[in-house]
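Structure assessment
Each chain, written out:
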Amino acid sequence: MNSNLHQESVLKAIDALNNKEVIAYPTEAVFGVGCDPDSETAVMRLLELKQRPMEKGLILIAANFEQLRPYIDDSVLSDAQREAVFSRWPGPVTFVFPAQASTPRWLTGRFETLAVRVTDHPLVVELCEAYGKPLVSTSANLTGQEPCRTVAEVVAQFGDAFPVVKGETGGRMNPSEILDALTGELFRQG
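Residues numbered from 1 in each chain as written. Predicted model: local features only at pLDDT ≥ 70, side-chain atom pairs only at ≥ 80, totals over all residues. Heavy atoms only, no water.

By the naming in an unreviewed UniProt entry, the protein chain goes by Threonylcarbamoyl-AMP synthase and is assigned to Scandinavium goeteborgense. UniProt lists a comment for the protein chain under the heading Catalytic activity (unreviewed entry), and it reads "L-threonine + hydrogencarbonate + ATP = L-threonylcarbamoyladenylate + diphosphate + H2O". Here the protein chain is described in UniProt, under the heading Subcellular location (unreviewed entry), as follows: "Cytoplasm". (UniProt positions renumbered as here; feature names shortened; annotations may be inferred.)

**So, the pairing of strand β6 (residues 135-139)**
Burial analysis of β6 places 4 of its 5 residues in the buried class, which makes it a mostly covered element. In this structure, strand β2 (residues 31-34) lies alongside β6, joined through 2 bridges in antiparallel fashion. Bridge pairing in β6 places G32 opposite S139. Pairing geometry for strand β3 (residues 59-62) and β6, over 3 bridges, is antiparallel. Looking across to β6, one finds that I59 is bridged to S137. (Buried < 20%, exposed > 50% of the residue type's maximum accessible area, 1.4 Å probe, protein only. Helix = DSSP H or I, 4+ residues; strand = E, 2+ residues; numbered from the N terminus. Pairing = 2+ DSSP bridges.)

**Let's talk about the sheet that holds strand β7 (residues 177-180)**
Across the sheet, which stays open at both edges, the 8 strands sit in the order β1-β2-β6-β3-β5-β4-β7-β8 with mixed pairing between neighbours. The open sheet terminates on both sides in strands that have one partner only, identified here as β1 (23-26) and β8 (186-188). Strand-to-strand twist of the sheet, defined as the mean angle between neighbouring strand axes without regard to direction, takes the value 40°. Against the sheet, helix α5 (residues 122-131) contacts β1, β3 and β6, and its axis sits at roughly 135° relative to β1. (Axes fitted to C-alpha atoms, helices over the stretch in contact; angles between N-to-C directions. Contact = heavy atoms within 4.5 Å.)

This is the structure we're talking about:
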């Protein structure tokens, strides 16, 4: 892809995020839809778009672990638990951590925990670094539809005007594995 078009796509996405809009972007396996995790307005727009109940909670995707620290309490992890997490990051593995008391309910839902991932997808890393924080991340699909794997599929489901970071997914067939950071319990197979 032409690097100017690529950069323009990222800058447009950041403008949309700053305006509390929902965007689509490629992840390791499918396109994700996301927004500013600190904006209740943006998260409610995402939940309405996905027809997803707030109680289910959401995933944050980040360029690095430091971006996740304001949202999670990793102080309860032992050295071995921390090592287990960092041995899988960056990559397509989501870990569930205890949430900070200040983490909004619109992210945690009915839980005292939050699912987070440090991605190795170069476009998402670039997007989160340019935005300066993580993004809410859930699969780009309307209820009952298959998750989008291409820009064309995003446009077909969400329309021409929907902000999309143009790029390729990481080629994985399955969504990220989800594990408990404290117990190692598998919540979703990757």
